[in-house]
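Letter by letter, the chains look like this.
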Amino acid sequence: PVAWFTFPGPFIRFGPSGATHWEHRYIQFKGDRVDLWKEQGLLDFDPRRPFVNLTHPKRFASQMDDVMNYLSHPLYGIARAVQMFEGLLLQLHEQNVARPATSKAETRVAAFIEEIARAPEQRWDVKAVAGELGLSASHFRLLFGHLAGAPPHRFTNARRMEKAARLLRENSLEIKQIADRLGYDDLFHFCKLFKNHYQLPPGRFRDRYLQG
């Protein structure tokens, strides 16, 4: 997993090979502040190889999702979006700080995070996994938050909302059917969570996507 930058000048073609799949996100930005970020070293990359390897991809993706969701409806102004994006750039620098080798516990927690990301609709038992590792619930949540960028409950709900958005875009399932698929028995609760995540209720989200 990498973060990569494109800019006026080079043309870059990218994509998966064969039948593999890439999950990617992007944010466009420009302006005088970009020059300031370069001067401060916050935006620092080699134009000959504009890639930054990610040591905690799920954490970075989660924070990037927060920025992108806010940009779709900047309720508190663009200044807030700028601060959030600067935090994303800062994370690229912080991950390069030397740290001890990954422990077996961290490896297992990271694998658990991947399992949730692949099938967020399942009923995940955080306490059971913590018990398997011989970790207290608080220590497990600390490791999970460090690796995923969010606590287990919020991370799982965010991945469910992303899957809900994909289902809304890609088929004509009723909203109740989508809620059921993602493990929400209460339609009102599902719609409330979706609106909190995307600033639009599911029906309006689908309508906007179909219109645009």
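Whatever comes next refers back to the structure up there.
Residues numbered from 1 in each chain as written. Predicted model: local features only at pLDDT ≥ 70, side-chain atom pairs only at ≥ 80, totals over all residues. Heavy atoms only, no water.

Asks: With reference to specific residues and values, describe the overall build of the protein.
Replies: Scanning the protein from terminus to terminus reveals 10 helices and two strands. Sequence-ordered secondary structure for the protein, helices as α and strands as β, is β-α-β-α-α-α-α-α-α-α-α-α. Burial analysis of the protein (212 residues in total) assigns 36% to the buried set. The long-range share in the protein, meaning contacts at least 24 apart out of those at least 6 apart in sequence, stands at 70%. Summed over its atoms, the accessible surface of the protein is roughly 13,800 Å², and 54% of this surface lies on carbon and sulfur atoms. (Helix = DSSP H or I, 4+ residues; strand = E, 2+ residues; numbered from the N terminus. Buried < 20%, exposed > 50% of the residue type's maximum accessible area, 1.4 Å probe, protein only. Contact = heavy atoms within 4.5 Å. Areas by Shrake-Rupley, 256 points an atom, 1.4 Å probe, with all protein chains shown as cover.)

Asks: Lay out the packing of helix α4 (residues 104–118) against helix α6 (residues 137–148) with the relevant residues and their values.
Replies: Between α4 and α6, the least distance of the axes is 10 Å, while the angle of their chain directions is 65°. Here α4 and α6 pass one another in a crossing that is right-handed. Each of A105, E106, V109, A110, F112, I113 and I116 in α4 lies in contact with α6, whose residues at this interface are F140, L143, F144, H146, L147 and A148. Each residue belonging to the contact of α4 with α6 can be placed in one class, and the counts come to 11 nonpolar, one polar and one charged. (Axes fitted to C-alpha atoms, helices over the stretch in contact; angles between N-to-C directions. Left-handed = near helix turned anticlockwise from the far one by under 90°. Nonpolar A, V, L, I, M, F, W, Y, C, P; charged D, E, K, R; others polar.)

Asks: Let's hear about the nonpolar core: which residues, and what values?
Replies: In this structure, W37, F60, L89 and L92 are the most contacted members of the largest nonpolar core, which totals 20 residues. Elements represented by at least two residues in this core include exactly α1 (32–40), α2 (57–72) and α3 (78–94). Looking at this core, the element that brings in the most residues is α3, giving seven residues. Not counting residues within four places of it along the chain, the set of residues in contact with L92 comprises A3, F5, V52, L54 and F60. (Core = buried A, V, L, I, M, F, W, Y, C linked by side-chain atoms within 4.5 Å.)

Asks: Tell me about the pattern of salt bridges, and name the residues and values.
Replies: Per the stated rule, a full pass over the model turns up seven salt bridges. D65 is the salt-bridge partner of R25, the closest N and O atoms lying 2.6 Å from each other. Separated by 40 residues along the polypeptide, R25 in the loop between β1 (2–4) and α1 and D65 in helix α2 bring together distant segments of the chain. Of the residues examined, R25 reaches a relative accessible area of 24% and is grouped as partly exposed. In this structure D65 comes out as buried when scored by relative accessible area, which is 9%. Note that K163 and E121 form a salt bridge whose closest N and O atoms lie 3.0 Å from each other. Of the two residues, K163 sits in helix α7 (residues 152–170) while E121 sits in the loop between α4 and α5 (126–133), which places them 42 residues apart along the sequence. Here the residues in one salt-bridge network are R25, D65, R159 and E162, joined through shared partners. (Salt bridge = Lys/Arg side-chain N within 4 Å of Asp/Glu carboxyl O.)

Asks: Could you give an account of the packing of aromatic side chains, naming the residues involved and the relevant values?
Replies: Taken as a whole and assessed by the stated rule, the structure comprises 13 aromatic pairs. Aromatic side chains F144 and F155 sit 5.7 Å apart centroid to centroid with 75° between the ring planes, which places their arrangement in the edge-to-face category. Of this pair, F144 sits in helix α6 while F155 sits in helix α7, and the two are 11 residues apart along the sequence. On the basis of relative accessibility, which here comes to 1%, the residue F155 falls in the buried class. Between F190 and F194, the aromatic rings sit 6.2 Å apart at their centres with planes inclined by 45°, giving tilted as the arrangement. Here the residue F190 and the residue F194 both occupy positions in helix α9 (residues 187–198), the gap between them amounting to four residues, near one helical turn. In terms of burial, F190 and F194 fall into one category: buried. Among the aromatic residues, ring-to-ring pairing joins F112, W124, F140, F144 and F155 into one connected group. Sitting above the plane of the Y184 ring, R160 keeps its charged end 5.2 Å from the centroid. (Phe/Tyr/Trp six-rings, centres within 6.5 Å; stacked < 30°, edge-to-face > 60°. Lys NZ or Arg CZ within 6 Å of the ring centre and 35° of its normal.)

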